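One-letter residues, chain by chain:
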Amino acid sequence: MCARQSAVYIQQWWDCRSHFSRSHWSHHSWETLRLTMTSLLGIALLAWTLSGPTVAFVPIGGGASTHISITGTALLQKVKETCQAVAEASGYEFKPTGSSPEELVQACLGPTATGDVSGAKFYSALQEIYMQNGLVDRDFVNSAPHHFSSEAFLEGRSLITQGMAAIKANIRKENFQAARETLGRVLHTLQDFYSHSNWVELDNTEPYINLIRPDLPLENLADKDTATCSDCASGTCPNPILPNILKEKKLTSGYMGIFSSDKPKGKCSHGGASDLTSTAVPRGGISKDERRSDNVALHNAAVNVATAASLELLQDIRLAAGDNDFLRMMGIARSSVLSFVIDTTGSMSDDIDEARAVVYEIIDSKKGTQDEPSEYILVPFNDPSFGPLIRTTDPNKMKSEISKLTANDGGDTPEMCLSGLQLALTGAPASSHIYVFTDAIAKDIDLKDTIVALIRSTKSTVSFFMTGASSRRRRSLRAASFNDYKDLALASGGQAIQVSKKQLPQATDVILDTSTSALVTVLQRARNPGKQETFPFTLDQSLKNITIYITGTSITFTLTNPDGMTQNQDQASGQLATIQTVGNLRRIRLNSEKHTGAWKIQINSNQPYTLKVTGQSTIAFIYNFVESFKGPHPGYAVLNGRPQAGQPASLMLSVMGRKGPSSLSIGEVSLVMVSGPEAVTSGTMTDMGNGDILVTVNTVPEGEFVVILKGTDKVSNSHFQRQSTTQMSVSKVNIQMVVDSSLEPEKAFKLPFSVMTQGSSGSYSISARNDRNFPMSYPNSLTLTTGEYTNATLTITPPDSTQSGTDTTLTIEAKSTKGADSNYAVLRLSVVTKITDFTPPLCNLVTVLPDDCPADLSQCKPFHWQLSANLTDGNGTGIESITLRQGEGTLSYTPLSAPIIQADYNSSCCSQVVEFVAVDKVGNVGRCYYEIDHSAGPPALTLSLPLWLCLLVSVFIVRP
């Protein structure tokens with residue numbers, strides 16, 4: 001059944017059933033919490049009970065066991081293990097000063113990460129995983145394989161293994177967001193196995209490794225005609241599994257019926273009020289989602305094994321990806337990403353030289369510091385070409401690539417600027433800073449709406465450096481100008497800086513300012529037309545490197561500090577700040593003296609202008625707009641697109657302080673228009689714990705607005721304010737679409753979607769774009785009826801040459817024919833070649849010498865030992881890498897292209913454990929482990945853990 005359609009139909013159906021369900025749900029149900037965890041951003045879990053009006057919020061690490069707490073426990077443990085390994089390999093100590101994301105990231109980055117380090121990327125990565133984990137319960141609520149219900153073991157295992165293959169392929173292509181989204185869904189399905197099957201009733205205390213190993217069979221499954229449960233009239237029997245099923249170790253799971261009570265004769269049910277089959281004999285259920293008085297032991301056992309299984313899956317992905325890329329997937333990186341989109345037409349020679357100089361300066365001055373960029377992105381464009389996107393973590397490669405750029409080609413004035421920007425927005429991590437250099441207007445101005453949608457979706461900031469004449473116009477019906485760039489910069493919270501080519505070197509100081517860790521926005525406003533206005537803002541003690549930017553012409557201003565001291569635009573170097581003026585930009589850098597308190601700046605101009613106040617601080621917040629959903633387990637999901645007009649808006653915020661969220665006191669969350677009247681709409685806050693806040697705003701501004709957060713920093717007892725950068729607005733149009741699988745090269749993929757409007761009925765145009773230019777087909781228009789969804793299908797076909805792990809960002813927009821209203825939805829789709837190789841590489845024993853290392857390690861120094869093995873991948877894709885994971889010796893091996901690879905390990909007897917890992921070209925992992933066992937006499941062959949089919953290898957003990 002189509003997941004999207006089932007979600008829509010189920011929501012309508014549950015409206016009719018709610019009166020029935022309300023009397024049956026348990027307030028403390030793990031299942032209720034589990035499925036609700038769609039909760040936006042997911043660190044906190046919103047559980048709605050149907051037994052009454054009470055709403056419980058269960059944060060990660062709280063008393064209840066939920067998908068989020070299980071996933072969070074496993075992720076944090078695996079991240080800490082990986083950070084520890086990286087620290088040991090790099091020769092520094094991993095010792096977090098606390099448990100907050102900021103402190104964990106700072107410890108993981110090592111001793112060079114001095115100063116302020118933001119935990120926002122790590123926080124965001126966790127939330128993406130949690131959110132996708134929870135969405136399984138909304139988007140696939142009636143899919144048995146996604147929940148291992150109804151004995152759908154083979155299908156459920158297939159979802160896991162296909163998902164793992166996609167994750168590994170995405171990581172190889174550095175498509176980390178796609179990897180995180182799939183990881184969240186896969187972990188949900190894996191965890192459900194232990195709650196919905198009888199695995200723990202069979203006295204199993206370890207994970208079922210075969211679920212993540214498709215080369216191993218699923219054994220002893222109960223067939224369809226085998227009865228598995230006894231009748232339980234009360235619905236709360238401790239263990240209704242039939243004795244013969246337990247004795248024969250037959251594997252079964254509960255049947256789940258949302259629409260029907262039908263199930264095979266004698267079969268177990270899932271259980272609970274949402275499951276209609278639980279009222280059919282045999283009644284009751286075997287779900288261990290909730291902790292009840294009759295199943296405490298089984299519930300706890302399911303939680304423990306589900307956590308261990310999650311750790312095993314994460315370890316497999318970590319070994320396949322390597323420690324560094326695993327941490328990059330998890331957002332453990334310096335927050336700064338340097339992204340340049342550069343016009344390479346003939347007139348851009350000076351601009352390219354300046355961009356190159358800025359890149360060199362950033363790389364050379366910030367290398368090894370907390371401000372060193374974690375990634376570099378470069379996208380050239382001219383006319384008619386653009387791209388390719390160049391992405392690297394190697395600063396020397398970035399230097400090399402930007403040095404290759406030359407100014408040539410391009411005849412007419414307009415260039416493919418927005419096409420290049422589209423590549424950067426979809427290729428860069430979310431919340432990146434992107435800098436565009438051009439002296440021409442956009443030829444591809446029809447992409448403007450798509451760019452706005454991508455800016456809102458990614459929350460990236462785009463700044464333009466324009467060195468041409470703004471009066472240039474392109475030859476088309478839709479006249480473009482530099483004002484289009486100004487619109488996009490304002491929408492993203494960036495700058496539109498217009499200077500001469502000679503002035504450009506002075507203007508690029510903005511890039512140096514923003515290429516830093518822990519950058520926050522205190523205030524941003526725009527006025528068009530300009531007028532005299534005073535803008536107050538609060539600076540807290542944590543802020544450093546505070547800079548004010550004003551863009552516009554014919555501007556005068558007066559800056560006033562908390563003590564009443566002032567400085568105006570004519571004082572380039574005053575008692576409050578240093579002022580730099582270049583082109584239409586005024587850059588005001590506050591002096592380092594005491595700045596805490598209430599500031600204000602009065603600006604006077606009759607021309608359009610923008611104002612922005614930034615600084616460095618670990619006090620920050622991230623947010624998403626969210627929407628509620630109904631069903632067996634109602635909750636909230638992150639909104640894809642603009643919030644709905646005429647309705648209250650809900651946001652989920654996660655706040656971060658210098659010592660974690662507990663070091664902050666939140667006073668106010670508001671929506672405010674950037675360009676309009678200073679009307680502030682405050683929201684009602686619900687504290688969900690761990691720094692997560694659900695905010696409900698009853699009246700949303702009608703124009704473009706941003707989010708403002710105000711509160712108190714308990715560390716310094718100073719007031720602070722922070723503002724989001726990305727502008728948002730409301731719409732009466734809504735687009736819904738759900739993806740339930742990856743794409744395959746050369747195969748048409750059909751994506752159902754639905755469009756609805758609360759505005760006027762009529763014809764709405766449909767447009768769709770993807771950043772890979774994959775062929776697509778879809779209806780150009782739909783006729784909508786107010787309040788009703790209209791269904792349609794988009795077909796997209798990746799070419800046969802598309803590499804596995806490639807992702808594409810799809811943007812669909814629906815717009816009324818009069819252009820009065822529109823909305824968008826953005827999806828990231830993965831292309832994964834069908835995997836046929838599921839067998840990990842093998843280690844085969846060569847020889848073993850009878851000698852041994854001394855048992856007394858104090859006598860180990862004179863002795864050495866050597867281990868040898870033959871590594872093979874059989875008929876698989878071939879071994880791609882071999883990595884030493886444990887041991888202080890040296891590992892060498894023959895060329896990986898050979899069918900049999902000989903690996904040799906040499907070590908002092910002071911290091912008596914070795915582990916190395918072989919990964920094939922599709923990410924299957926073979927692990928070879930050996931530990932000298934003195935209690936068993938001479939060294940003997942030790943088999944690795946059941947996760948790996950490794951026969952460990954030959955051991956030579958050598959006396960000097």
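The structure displayed is predicted, hence computed values, not measured ones.

Within the chain one finds 18 helices and 42 strands. Within the chain, the proportion of its 960 residues that are buried is 60%. Relative to all contacts within the chain whose residues are 6 or more apart in sequence, the contacts with residues 24 or more apart total 73%. Looking at the chain as shown, the accessible area adds up to about 36,300 Å², and 50% of this sits on carbon and sulfur atoms.

In protein structure, a disulfide is the covalent linkage between the sulfur atoms of two cysteines. Under the definition given, this model contains six disulfides. Listing the disulfide partners of the chain by sequence rank of the bonded cysteines yields 1-2, 3-6, 4-5, 7-12, 8-10, 9-11.

It is worth spelling out the nonpolar core at this point. Formed by 58 residues in total, the largest nonpolar core has its most connected members in V79, L183, F193, Y194, L313 and M330. Taken together, the elements giving at least two residues each to this core come down to α3 (67–90), α4 (101–109), α5 (120–139), α7 (153–172), α8 (176–196), α10 (296–321) and α11 (323–329). Per-element tally for this core: the top contributor is α10, with nine residues. In this view, Y194 contacts W199, V200, P207, Y208, L211, K288, A302, V305, A306 and A309; residues no more than four positions away in its chain are not counted. By size, the runner-up hydrophobic cluster in this structure holds 56 residues, among which are L421, I445, L653 and L709.

Turning our attention to the sheet that holds strand β17 (residues 609–616). Strand order across the open sheet formed by five strands is β9-β17-β11-β15-β14, with antiparallel pairing between neighbours. Two strands lie at the open edges of the sheet, namely β9 (519–527) and β14 (577–582), each paired on one side alone. Between one strand axis and the next, the sheet turns through 15 degrees on average, direction left out of account. Two strands pair when backbone bridges link them, and strand β11 (residues 544–552) and strand β15 (residues 585–590) are joined in this way by five bridges, in the antiparallel orientation. Bridging across to β15, Y549 finds its partner in R587.

A large share of α4 lies buried, amounting to eight of its nine residues. Within α4 the residues assigned to the buried category are P101, E102, E103, L104, V105, A107, C108 and L109. As for α4, its buried residues are in contact with α3, α5, α11 and β20 (649–656). A positive phi of about 95 degrees marks G110, the residue just after α4.

The next subject is the packing of helix α12 (residues 349–366) against helix α13 (residues 395–403). Their axes nearest at 10 Å, the elements α12 and α13 cross at an angle of 170 degrees. Judged by the inter-axis angle, α12 sits roughly antiparallel to α13. Residues A355, R356, V359, Y360, I363 and D364 of α12 touch α13, and the partners they reach there are P395, M398, K399, I402 and S403. Taken together, the residues of the contact of α12 with α13 break down into seven nonpolar, one polar and three charged.

Moving on, we come to the sheet that holds strand β30 (residues 776–777). Strands sit in the order β27-β28-β32-β30 across an open sheet of four strands; the sheet is antiparallel. What marks the edges here is a single partner per strand, and that holds for β27 (733–737) and β30. The pairing of strand β28 (residues 749–757) with strand β32 (residues 790–796) spans seven bridges and is classified as antiparallel. Across the sheet, K750 pairs through a bridge with T795, a residue of β32.

Another aspect to go through is the packing of aromatic side chains. Throughout the structure, instances matching the rule amount to 18 aromatic pairs. Seen from their ring centres, F148 and F193 are 5.2 Å apart, and the 75 degrees between their planes marks the pair as edge-to-face. In this pair, F148 sits in the loop between α6 (144–147) and α7 while F193 sits in helix α8, placing the two residues 45 residues apart along the sequence. Each member of the pair, F148 as well as F193, carries the same accessibility label: buried. Both rings, one in F153 and one in F193, keep their centres 6.0 Å apart while their planes meet at 70 degrees; by these two values the pair is edge-to-face.

Averaged over all residues, the pLDDT of the chain is 86; the fraction at 70 or higher stands at 88%. Taken element by element, the predicted model of the chain shows its lowest mean pLDDT in strand β2 (residues 55–59) (22) and its highest in β30 (98). Under a pLDDT of 50 for its full length, residues 1–63 has, in the predicted model, 186 contacts with residues more than four places off or in other chains. The low-confidence segment residues 471–477 (pLDDT under 50) makes 14 contacts with residues lying over four places distant or belonging to another chain.

It is worth spelling out the pairing of strand β18 (residues 620–629) at this point. Most of β18 is tucked away: nine of the 10 residues are buried. Looking at chain direction, β18 and β20 are connected through seven bridges and run antiparallel. In the sheet register, V626 faces β20, and the bridge partner there is S650.

Below, the discussion takes up the pattern of salt bridges. Scanning all chains against the criterion turns up 41 salt bridges. For R772, the salt bridge goes to D807, with nearest N and O atoms at 3.5 Å. One end of the pair, R772, is in the loop between β29 (762–770) and β30; the other, D807, is in strand β33 (residues 806–816), with 35 residues separating them in the sequence.

Alternating residues of strand β10 (residues 533–539) divide into E533, F535, F537 and L539, all buried, and T534, P536 and T538, none buried. Where β10 meets strand β16 (residues 597–604), seven bridges bridge the pair, whose relative direction is antiparallel. Bridged to L539 within β16 is G597.

Attention now goes to the environment of D225. The residue D225 is located in the loop between α8 and α9 (243–247) in this model. Among the residues examined, D225 registers a relative accessible area of 73% and is labelled exposed. When the C-alpha positions of D225 and K267 are compared, they lie 8.6 Å apart, and in sequence the two are 42 residues distant.

Moving on: the side chain of T809. Relative to the assigned elements, T809 resides in strand β33. Of the residues examined, T809 reaches a relative accessible area of 5% and is grouped as buried.

Right, let's talk about α10 for a bit. Given a rise of 1.5 Å per residue, 26 residues ought to cover 38 Å, and the 37 Å separating the end C-alpha atoms of α10 matches this to within 8%. G322 sits one or two residues past α10 and shows a positive phi near 90 degrees.

Cut-off values and rules
Residues numbered from 1 in each chain as written. Predicted model: local features only at pLDDT ≥ 70, side-chain atom pairs only at ≥ 80, totals over all residues. Heavy atoms only, no water. Helix = DSSP H or I, 4+ residues; strand = E, 2+ residues; numbered from the N terminus. Buried < 20%, exposed > 50% of the residue type's maximum accessible area, 1.4 Å probe, protein only. Contact = heavy atoms within 4.5 Å. Areas by Shrake-Rupley, 256 points an atom, 1.4 Å probe, with all protein chains shown as cover. Disulfide = S-S within 2.5 Å. Core = buried A, V, L, I, M, F, W, Y, C linked by side-chain atoms within 4.5 Å. Pairing = 2+ DSSP bridges. Axes fitted to C-alpha atoms, helices over the stretch in contact; angles between N-to-C directions. Parallel < 35°, antiparallel > 145°, perpendicular 65-115°, else oblique. Nonpolar A, V, L, I, M, F, W, Y, C, P; charged D, E, K, R; others polar. Phe/Tyr/Trp six-rings, centres within 6.5 Å; stacked < 30°, edge-to-face > 60°. pLDDT = per-residue confidence, 0-100. Salt bridge = Lys/Arg side-chain N within 4 Å of Asp/Glu carboxyl O. Expected span 1.5 Å × (residues − 1).

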